[in-house]
2 protein chains.
Amino acid sequence: MRGAILYAPGDVRVETRDDPKIEKPADAVIRVVAACVCGSDLWPYRGIEAVAGPTPMGHEYVGIVEEVGADVSQIQPGQFVVGSFFASDNTCDICKAGYQSSCVHREYAGAGGAQADLLRVPLADGTLVATAERPDEDLIPSLLAASDVLGTGWFGAVAADVQPGKTVAVVGDGAVGLLAVLAAKQLGAERIIAMSRHADRQQLALDYGATDIVTERGDDGVTRIKDLTGGLGAHSVIEAVGTQESMMQAIRSTRPGGHVGYVGVAHGIQLPGEELFYSHVHLHGGPAPVRRFLPELVDLITNRTIDPGKVFDLTLPLGQAADGYRAMDERRAIKALLRP
Amino acid sequence: MRGAILYAPGDVRVETRDDPKIEKPADAVIRVVAACVCGSDLWPYRGIEAVAGPTPMGHEYVGIVEEVGADVSQIQPGQFVVGSFFASDNTCDICKAGYQSSCVHREYAGAGGAQADLLRVPLADGTLVATAERPDEDLIPSLLAASDVLGTGWFGAVAADVQPGKTVAVVGDGAVGLLAVLAAKQLGAERIIAMSRHADRQQLALDYGATDIVTERGDDGVTRIKDLTGGLGAHSVIEAVGTQESMMQAIRSTRPGGHVGYVGVAHGIQLPGEELFYSHVHLHGGPAPVRRFLPELVDLITNRTIDPGKVFDLTLPLGQAADGYRAMDERRAIKALLRP
């Protein structure tokens, strides 16, 4: 089969590799129907995260089950499935509490690389969600989005305690931030302030339900949010970047008693305890437990209530994966979909 | 009147001062029945916080209303009242959401110094809660505790989302930590792990409902909590110290998806963002909005359901306030009550 390998910063190649096989009785092997490039893939691509030798890439996927191990009972060959980037047993106390991405048996589902023809998925019963039937072709991008960026934006909104009638601000206009806007809308937010300085992303935010656009960043952005909320700050702020500036912007944009949901991977951030203490905000986030939301998200997509697939503004054959990385790195594309 | 003044680290004197007067129409002046020394008073007493000239001390109080301003309608002269350390209007959006200690009109109620014969309390209607009648003498310590330490421990438990049937750990065995144990018990926790290495405090924790005592600190303490919770950590952890070590101990003792409620004033703390991200905990805390809880706490005390006043293990006349500071500084007393 073919699969994308990152050799060094900026150096992604699609190569012929061994087909994955069932290694453990809880595994499934799926034929990938669509995969994509994640914002987090850009960390090693840009050399910000170290690359420890050639690394199979990709952790977002939809596909058709080819084969399952002896212990798999819920998932069958031939089913169309959506999975999460963390494999989970979905039965331990942590999973039952809705934190499958911290499952006591957690494994990284992208270890084999989802930007490929085939992928081995551990703990298939607890990780994959099958659709009732083979979905229409035009739903593929949205179902793929559910695998990570939609699930992550949704978790951001849930972690930020988005409630009907409330005011929500979203820091970050990448695919996760845009889908956090969609999630906030679905969860009933009355006012959704998207922070973006790119016209195409602003438009998509408005399409997804944003009511206000703020182009300022940092303390200026905070001032604008305060101006828009009677001086108090938003009830809920979703942080979808992962930098020191964006985290502080999110915390300072939230009213006392409000909630920050942070889903940008917090690289090298230090949060000042005393400021956090007096801010009176709730802080929650982390790697999204996508599996918690997948059944509901798959339903919302297949009944065409939501259309998260619009974040994919570039579709390429798997063989051109390197072009997808380049387009996202240069911010020419919001998110690149790859078709094997 | 007499009042306690901090002149410099270690130098508290009770002196004759001008009687406070009504300064604004929302003020009340109360005759203090009991006040006390707070753990946070020890920060400047120990020289860890700067002392900017002679400072009236004390922010915890119960008393009899002497006089009210023209705009005060809910509180009347002659009533026995309990107040919070932050004065609040109790009508703004932040107060209505239950965050009176971040009220948009917040004032520090201890500005005049509650360790005194008389105290001016701003925003009396939104700050003070009157009892139905003059309480029995033996209830005075418990009602005084409601003014800060009980309200703060209670907020810690609420911020840590203590729920019936759950496992709670409490970091810190000062008065706030001990009353957080009491709060966790009242809120229905099944298992309450108190972290303490002092026999007298351990005993009070057990009296208040602790089921387990852990004497280890730091990473060893975390390991013990994990051992006691099937390797997962507690559902809820209340942090009642305010140091880097105690905050990290609290975060690391909490299971993924669990809640940290932190009420120790976070001095000089930096929280590592990436560790917090992967910890999957909820983090909430800050200066306790005591006013939110006061009506309920006053009821629980006056109907003798709870006895938080047991944290006062030293009672002194106001004139001996300096002895109270010394005893708490040297950890000979958990908490010193002062009677004018």
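Residues numbered from 1 in each chain as written. Chains lettered and ligands numbered in written order. Predicted model: local features only at pLDDT ≥ 70, side-chain atom pairs only at ≥ 80, totals over all residues. Heavy atoms only, no water.

Asks: I'm lost on the domain arrangement of chain A in this one. Help?
Replies: Quite often, the size of an interface is put as the accessible area lost when its parts meet. Residues and elements named next belong to chain A. Segmentation of chain A into domains returns domain 1 (2-148 + 289-339) and domain 2 (152-285). Computed over C-alpha atoms only, the centres of domain 1 and domain 2 are separated by 26 Å. Each partner contributes to the interface: domain 1 provides 24 residues, whereas domain 2 provides 19 residues. If you look at where domain 1 meets domain 2, you find one salt bridge. One salt bridge in this structure joins Asp 173 and Arg 331, with 3.3 Å as the shortest N-O distance. The interface formed by domain 1 and domain 2 contains six residue pairs in polar contact (both at pLDDT 80 or more). By residue number, the principal contributor to the side of domain 1 that touches domain 2 is helix H11 (residues 290-302), which donates six residues. Class assignment of the residues belonging to the side of domain 1 that touches domain 2 gives a composition of 14 nonpolar, two polar and eight charged. (Domains from an automatic or database assignment. Contact = heavy atoms within 4.5 Å. Salt bridge = Lys/Arg side-chain N within 4 Å of Asp/Glu carboxyl O. Polar contact = N/O pair within 3.5 Å; in protein donor to acceptor, adjacent residues only side chain to side chain. Helix = DSSP H or I, 4+ residues; strand = E, 2+ residues; numbered from the N terminus. Nonpolar A, V, L, I, M, F, W, Y, C, P; charged D, E, K, R; others polar.)

Asks: Even after reading the chapter, I still don't get the relation of the copies chain B and chain A, so can you show me in this structure?
Replies: Each of the two copies of the chain can be brought onto the other by a rotation about an axis and a shift along it. Turning chain B through 180° and shifting it by 0.0 Å along the axis lays it on chain A, with an RMSD of 0.0 Å. The symmetry that links the two subunits is that of a two-fold axis. Residue by residue, 100% of the interface of chain B is reproduced at the interface of chain A, so both copies engage with the same surface. (Least-squares fit on C-alpha atoms with pLDDT ≥ 70 in both.)

Asks: I tried to follow the sheet that holds strand E11 (residues 167-171) of chain B on my own but got confused; where do I start?
Replies: Whether parallel or antiparallel, the strands of a sheet pair through hydrogen bonds between backbone atoms. Here we have twelve strands laid out as an open sheet, ordered E13(A)-E12(A)-E11(A)-E14(A)-E15(A)-E17(A)-E17(B)-E15(B)-E14(B)-E11(B)-E12(B)-E13(B), and mixed in their pairing. Looking along the sheet, the strands with just one partner apiece sit at the ends: strand E13 (212-214) of chain A together with strand E13 (212-214) of chain B. Along the sheet, successive strands turn relative to each other by an average axial angle of 20°, direction set aside. Examined bridge by bridge, strand E12 (residues 191-195) of chain A and E13 of chain A share three bridges and lie parallel to one another. Bridge assignment links Ala 194 of chain A to a residue of E13 of chain A, and that residue is Ile 213 of chain A. Contacts from helix H5 (residues 149-159) of chain A reach strand E14 (234-239), strand E15 (254-262) and strand E17 (282-285) of chain A, with the element oriented near 155° to E15 of chain A. Each of strand E11 (167-171), E12, E14, E15 and E17 of chain A is contacted by helix H9 (residues 244-252) of chain A, which is oriented at about 145° to E15 of chain A, the strand it contacts most. (Pairing = 2+ DSSP bridges. Axes fitted to C-alpha atoms, helices over the stretch in contact; angles between N-to-C directions.)

Asks: Please explain the pattern of salt bridges as it appears in this structure.
Replies: A side chain of one charge can pair with a side chain of the opposite charge if their charged atoms are brought near each other. Applying the stated criterion to the full structure yields 40 salt bridges over all chains. Measuring nitrogen to oxygen at the nearest pair gives 3.1 Å for the salt bridge that ties Asp 212 of chain B to Arg 191 of chain B. Placement of the pair is Asp 212 of chain B in strand E13 and Arg 191 of chain B in strand E12 (residues 191-195), with a sequence separation of 21 residues. Residues joined in a network through salt bridges with shared partners are Glu 23, Asp 27 and Arg 120 of chain A.

Asks: What is the right way to look at the sheet that holds strand E4 (residues 55-56) of chain A in this model?
Replies: Residue and element names in this part refer to chain A. On the basis of which strands lie adjacent, the open sheet formed by three strands has the order E2-E1-E4 and antiparallel pairing. One side of each edge strand has no neighbouring strand; the edge strands of this open sheet are strand E2 (11-16) and E4. Two strands pair when backbone bridges link them, and strand E1 (residues 2-8) and E4 are joined in this way by two bridges, in the antiparallel orientation. Its bridge partner lying in E4, Ile 5 is registered against Pro 56.

Asks: Looking at this structure, I do not really get the interface of chain B and chain A. What am I missing?
Replies: Each partner contributes residues to the interface: chain B has 36 residues there, and chain A has 36 residues. With both sides pooled, the region where chain B packs onto chain A buries about 3100 Å², and carbon together with sulfur makes up 64% of that total. One can count zero salt bridges joining chain B with chain A. Connecting chain B to chain A are 14 residue pairs in polar contact (both at pLDDT 80 or more). Looking at the side of chain B that touches chain A element by element, the count peaks at five residues for helix H10 (residues 273-279) of chain B. The residue makeup of the side of chain B that touches chain A, split by class, is 20 nonpolar, 13 polar and three charged. Sheet topology places E17 of chain A next to strand E17 (residues 282-285) of chain B; three bridges connect them, and they run antiparallel. Each residue of the ladder has a partner; that of His 282 of chain A, found in E17 of chain B, is His 284 of chain B. (Buried area = accessible area lost by both parts, 1.4 Å probe.)

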